[in-house]
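Coordinates in review
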Amino acid sequence: MRAAFIDSFSDVAGEYRRARPTYPAALIAELAALAPSRALAWDSGTGSGQAAVALARHFDAVYGSDPSEEQIANAQSAERVTYAVEAAEAVSLADGNADLVLAAQAMHWYNLERFYAQVQRVLRPGGILAAIGYAWFYIDPEVDAAVEEALLRPMRPYWAPNNAILWDAYRSIAFPGEEVRIGQPAIHLRWSLDQMLAYVRTWSAAAKFRASEGEAQFEAALASVREAWGEPGRERSVVMPMQVRVSRLA
């Protein structure tokens, strides 16, 4: 039986794969360079595999785990990547074999005490633990203001308390090991209006807002953003600052 988990994304697993951004290649390369070797990386909370696929460019093997059967069913296939339906707090990896444990857009959903016990168990000496994620996106003042007014402000009550851990860049939680300071990268994208709205629909708060306030209210909110965007087919530059925390375990 799978351990209970906070399931905010199984219902949008397909949309999650299509709409969620990939992580900066330079960030993944920097994390890989910190690892004691390149034998195995564990992408905990892999979702649809965006980080796992990126890690496979640097490691001999990548193990992507997620407690959501729907997310794993939609995960991107890649050479050297193996997926499993497993909670981060109860992974089946052998002791002392992993060089890197990554939690990408995921650690704020974990039972940290149980997860850290798994991290300590599976990492080899000198192994790296990294928590990375992104919160908001920025486009231009007009669109950003419309997103804040029409979407972020009305949805504020619908965000789970766990999200505050991500917004605080994982600084509000205990973190095992010796801190490793690296640069604070950002995701850079080119989005059409449809791509931006598809991403918004994958927010955990958006699902709760739609269930509580109704689809008509949600579409009315999106209409304000559409008006600010202008021509729907117009692509705009998007910046997503990354939240990053890294440590090395003895």
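What counts and what doesn't
Residues numbered from 1 in each chain as written. Predicted model: local features only at pLDDT ≥ 70, side-chain atom pairs only at ≥ 80, totals over all residues. Heavy atoms only, no water. Helix = DSSP H or I, 4+ residues; strand = E, 2+ residues; numbered from the N terminus. Rg over C-alpha atoms; globule rule 2.2 N^0.38 Å. Buried < 20%, exposed > 50% of the residue type's maximum accessible area, 1.4 Å probe, protein only. Contact = heavy atoms within 4.5 Å. Areas by Shrake-Rupley, 256 points an atom, 1.4 Å probe, with all protein chains shown as cover. Lys, Arg positive; Asp, Glu negative; His and termini not counted. Charge placed at Lys NZ, Arg CZ, Asp CG, Glu CD. UniProt positions renumbered as here; feature names shortened; annotations may be inferred. Phe/Tyr/Trp six-rings, centres within 6.5 Å; stacked < 30°, edge-to-face > 60°. Lys NZ or Arg CZ within 6 Å of the ring centre and 35° of its normal. Core = buried A, V, L, I, M, F, W, Y, C linked by side-chain atoms within 4.5 Å. Pairing = 2+ DSSP bridges. Right-handed = clockwise from strand over helix to strand, strands pointing away. Salt bridge = Lys/Arg side-chain N within 4 Å of Asp/Glu carboxyl O.

Re the overall build of the protein
Looking only at helices and strands, the protein has ten helices and eight strands in total. Relative to the compact-globule value of 18 Å for 250 residues, the protein shows a C-alpha radius of gyration of 18 Å, a close match. Judged by the C-alpha coordinates and their principal axes, the protein covers about 55 × 35 × 35 Å. Residues classed as buried in the protein amount to 55% of the 250 residues present. In the protein, once contacts between residues fewer than 6 apart in sequence are set aside, the share between residues at least 24 apart is 78%. Accessible surface computed for the protein: about 11000 Å², of which carbon and sulfur atoms make up 50%. Taking the average location of the 23 positive side-chain charges in the protein and that of its 30 negative ones, the two points are 3 Å from each other.

A few points about the UniProt feature "domain: Methyltransferase type" (unreviewed entry) in the protein
Residues given the UniProt feature "domain: Methyltransferase type" (unreviewed entry) here are residues 43-130. Taken end to end, residues 43-130 has its terminal C-alpha atoms 10 Å apart, with 25% of it in helix and 32% in strand.

Looking at the packing of aromatic side chains
If you walk through the whole model with that rule in mind, you get 18 aromatic pairs. Each ring, one from Trp191 and one from Tyr199, has its centre 5.4 Å from the other, and the planes form 40°; the classification is tilted. A residue is classified by how much of its surface remains accessible, and Trp191, at 6% relative accessible area, is buried. Grouping aromatic residues by their ring pairs yields a cluster made of Tyr23, Tyr134, Trp136, Phe137, Trp159, Trp167, Trp191, Tyr199 and Trp203. The ring of Trp229 carries the charged tip of Arg236 above its face, separated from the ring centre by 5.3 Å.

Considering the nonpolar core
Core analysis: the largest hydrophobic core is formed by 57 residues, its most contacted members being Phe137, Met196 and Trp203. Residue contributions to this core peak at six residues, all from helix α6 (residues 141-155). Once you skip the residues sitting within four places of it in the chain, Phe137 turns out to touch Asp144, Val147, Trp191, Met196, Tyr199, Val200, Trp203, Val238, Val239 and Met240. Core analysis: the next-biggest nonpolar cluster, separate from the first, contains 27 residues, Leu40, Tyr110, Val119 and Leu129 among them.

Remarks on the pairing of strand β1 (residues 40-44)
The buried count for β1 comes to five of five residues, which makes it a mostly enclosed element. Alternating positions in β1 separate into two faces, Leu40, Trp42 and Ser44 on one and Ala41 and Asp43 on the other, with burial throughout. Examined bridge by bridge, β1 and strand β2 (residues 61-66) share five bridges and lie parallel to one another. Bridge pairing in β2 links Ser44 to Ser65. Handedness of the crossover joining β1 and β2 through helix α3 (residues 50-55) is recorded here as right-handed.

Re the pattern of salt bridges
In the structure shown here, the tally under the stated rule is eleven salt bridges. Among the ionic pairs, Glu215 bridges to Arg210, the shortest N-O distance being 3.1 Å. The partly exposed category is assigned to Glu215, whose relative accessible area is 37%. Classification of Arg210 as partly exposed rests on a relative accessible area of 25%. The partner of Arg226 in a salt bridge is Glu219, with the nearest N and O atoms 3.7 Å apart. Using a relative accessible area of 29% as the deciding quantity, one classes Glu219 as partly exposed. Look at the salt bridges and you will find they share partners, linking Arg171, Glu179 and Arg245 into a network.

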